[in-house]
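What follows is each chain in one-letter form.
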Amino acid sequence: MAMNQKEVITKETIANPAGTEIPVMYTGAPTYNLEGEVIGALEFVADISEQKALSNAVEEQQRYLQNSVENIVAEMGKFAGGDLTVQMMVEKDDSIGQLFSGFNNAVTNIKNMIEKLNESVHTTATSTNEISASTEQMAAGAEEQSSQVTEIASAVEEMTRTILETAANATN
């Protein structure tokens, strides 16, 4: 190819020696005679399997990081909106996995605190209702006693008048 185009060409391609696919980098440069005619080419072929594997690993890691960031941002959005059921799936035991586990623990702890707070509020409301009912009963009892005291005072007044009249009649 370098001979036909009369220029240096560098490309990546797949070589198939003995039926095995190997990624290679090919460089071809034409060679010239003294008259400037192309008489051949120098070729250099390098196995780039390791570089390709490394490049693929880097791309895979970038996808993993991108997906992880997208997932935690989505779950944090749900959590910020009040969803206390969110949980991150921990796929690897790495820094991202530790981040996901920490997020899950934080959500669980906050959920437990809210549940305990809700129980305390319910208990306080129940106790307040019981105290209110007892207060109403005490007020009704006090009103009944007040009414009875008024009746007794009226009866004592009536008896005093009767005694005074009887004493006045007895002296006459």
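This text follows the structure it describes.
Because the structure is a prediction, the values reported are computed rather than measured.

(A) Structural detail: the packing of aromatic side chains. Per the counting criterion, the structure on display carries one aromatic pair. With a centroid separation of 6.0 Å and 75° between ring planes, the pair formed by Phe79 and Phe103 is classed as edge-to-face. Linking Phe79 in helix α2 (residues 49-80) with Phe103 in helix α3 (residues 95-171), this pair joins segments that are 24 residues apart in sequence. Here Lys92 stacks its cationic end above the ring of Tyr64, 4.1 Å away from the centre of that ring.

(B) Looking closely at α2. Here α2 contains 32 residues, and its C-alpha end-to-end distance of 46 Å stays within 8% of the 46 Å for a straight helix at 1.5 Å per residue. Buried residues of α2: Tyr64, Ser68, Ile72 and Glu75, and no others. Next to the buried residues of α2 lie α3. Just beyond α2, the residue with positive phi is Gly82, at close to 105°.

(C) Region of the structure containing the sheet that holds strand β3 (residues 38-47). Strands sit in the order β1-β2-β3 across an open sheet of three strands; the sheet is antiparallel. Pairing within the sheet leaves two strands with one partner each, and these edge strands are β1 (9-15) and β3. Each strand of the sheet is rotated relative to its neighbour by a mean of 30°, with strand direction disregarded. One ladder, built from nine bridges, connects strand β2 (residues 22-32) with β3; its direction is antiparallel. Pairing of Met25 across the sheet is with Ala46, part of β3. Most of the contacts of α2 go to β2, to which it runs at about 130°, and overall it touches β1, β2 and β3.

Here is what the cut-offs are and how they apply
Residues numbered from 1 in each chain as written. Predicted model: local features only at pLDDT ≥ 70, side-chain atom pairs only at ≥ 80, totals over all residues. Heavy atoms only, no water. Phe/Tyr/Trp six-rings, centres within 6.5 Å; stacked < 30°, edge-to-face > 60°. Helix = DSSP H or I, 4+ residues; strand = E, 2+ residues; numbered from the N terminus. Lys NZ or Arg CZ within 6 Å of the ring centre and 35° of its normal. Expected span 1.5 Å × (residues − 1). Buried < 20%, exposed > 50% of the residue type's maximum accessible area, 1.4 Å probe, protein only. Contact = heavy atoms within 4.5 Å. Pairing = 2+ DSSP bridges. Axes fitted to C-alpha atoms, helices over the stretch in contact; angles between N-to-C directions.

Read these as spatial facts, not as claims about activity.
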